[in-house]
Amino acid sequence: MLKVLVCVSGGGTNLQAILDKAKAKELGDVEIVRVISNNANAYALTRAAEAGVSGVCVSPKDYATRDEFHKAFLQAIDEVSPDLVVLAGFLVVIPEEVIIKYRNRIINIHPSLIPSFCGTGYYGLKVHEAALERGVKVTGATVHFVDEGTDTGPIILQKAVYVKEGDTPKDLQLRVMEEAEWEILPKAIRMIADGEVKLG
Ligand code: GRF
């Protein structure tokens, strides 16, 4: 059994894709043991509750210092002893102590074909705005291991998505989510659960 913890910040559509695959028994021998959000109002927490998965909010706003937030975040992870930490639309920089303790056991979904349109400042709609600005014909999504850098860890899976004439950033974001993110993030978890991708 692979114990999976998912970190979210917003709407939680990637979390929903994971929950749906788990419910359909298509995620392999996996248990989603906790969802952590840095945002108390994240609809992702509602999705977790509706799926019967424990959701907790650990927000930097609730701590006097960044260091205290880091300690609380690490504790909220340690409490459930996950084998795998999945960042699904999570917008908080992962504290170094977490990277060190869970090295090669943290994965992230990024809405572009890394190494394009990634790194500091490239998140959410900004990624798709940059892709349209550059005029690329193909973009996509990437699942990668998380290391101390930003979107720099080893790549696990990628899927390409065509840009269409007249796409707005929102159009492109939705197509990348529908055609790539919501497919390759659960697939990466399944590959890890099945031992096709090694952890640690
Ligand atoms: C979206 O921009 C998605 O491309 C990226 O994170 C954002 C929110 O995703 N991965 P979600 O709906 O909260 O999963």
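Structure first, text after, so check above.
This report concerns the structure included in the present document.

Thoughts on the site of the ligand
Phase 1: As a structural note, the neighbourhood of the ligand is formed by G10, G11, G12, T13, N14, G89, I109, P111, G124, Q173, M177 and E181.
Phase 2: Here an oxygen atom of the ligand and a backbone polar atom of N14 are 2.8 Å apart.
Phase 3: More than half of the atoms belonging to the ligand lie within 2 Å of the grid points that define the largest pocket.
Phase 4: Counting only elements with at least two residues in the shell around the ligand, the list comes to α1 (13-23) and α6 (169-193).

A short note on the packing of α1 against helix α2 (residues 43-50)
Phase 1: The geometry of α1 relative to α2 is characterised by a closest axis approach of 9 Å and an angle of 15° between their N-to-C directions. By the criterion of interaxial angle, the relationship of α1 to α2 is roughly parallel. The handedness of the crossing between α1 and α2 comes out as right-handed. Residue-level contacts link T13, L15, Q16 and L19 of α1 to A44, R47 and A48 of α2.

Section: the pairing of strand β2 (residues 30-37)
Phase 1: Taken across its eight residues, β2 has seven buried, putting it largely inside the fold.
Phase 2: The pairing of strand β1 (residues 2-8) with β2 spans seven bridges and is parallel. Considered in β2, the bridge of L2 is made with V30.
Phase 3: Each parallel crossover has a hand, and the one from β1 via α1 to β2 is right-handed.
Phase 4: In this sheet, strand β3 (residues 55-57) lies alongside β2 in parallel orientation, the contact comprising three bridges. Within β3, the position partnered with V35 by the bridge is G55.
Phase 5: The handedness of the β2 to β3 crossover, carried by α2, is right-handed.

Comments concerning the packing of aromatic side chains
Phase 1: All chains considered together, the criterion is met by three aromatic pairs.
Phase 2: Between the aromatic rings of F69 and F73, the centroid separation amounts to 5.9 Å while the plane-to-plane angle is 25°, which identifies the pairing as stacked. Of this pair, F69 and F73 both sit in helix α3 (residues 66-78), four residues apart, which is roughly one turn of the helix.
Phase 3: The buried category is assigned to F69, whose relative accessible area is 1%.
Phase 4: The class for F73 is buried, based on a relative accessible area of 1%.
Phase 5: On the numbers, 5.7 Å between centres and 10° between planes, the contact of F73 with F90 is stacked. Remark: F90 occurs in the loop between β4 (84-87) and α4 (96-101) and F73 occurs in helix α3; sequence separation between them is 17 residues. Taken as a pair, F73 and F90 share a single burial class, namely buried.
Phase 6: Through a chain of ring-to-ring contacts, three or more aromatic side chains come together here, namely Y63, F69, F73 and F90.

Reading the values: rules and limits
Residues numbered from 1 in each chain as written. Predicted model: local features only at pLDDT ≥ 70, side-chain atom pairs only at ≥ 80, totals over all residues. Heavy atoms only, no water. Near = heavy atom within 4 Å. Polar contact = N/O pair within 3.5 Å; in protein donor to acceptor, adjacent residues only side chain to side chain. 1 Å grid on protein atoms, 1.4 Å probe; cavity = no way out; pocket = protein on both sides within 12 Å on 5 of 7 lines; lining within 4 Å. Sits in = over half its atoms within 2 Å of the grid points. Helix = DSSP H or I, 4+ residues; strand = E, 2+ residues; numbered from the N terminus. Axes fitted to C-alpha atoms, helices over the stretch in contact; angles between N-to-C directions. Parallel < 35°, antiparallel > 145°, perpendicular 65-115°, else oblique. Left-handed = near helix turned anticlockwise from the far one by under 90°. Contact = heavy atoms within 4.5 Å. Buried < 20%, exposed > 50% of the residue type's maximum accessible area, 1.4 Å probe, protein only. Pairing = 2+ DSSP bridges. Right-handed = clockwise from strand over helix to strand, strands pointing away. Phe/Tyr/Trp six-rings, centres within 6.5 Å; stacked < 30°, edge-to-face > 60°.

By themselves, these figures tell us nothing about what the structure is for.
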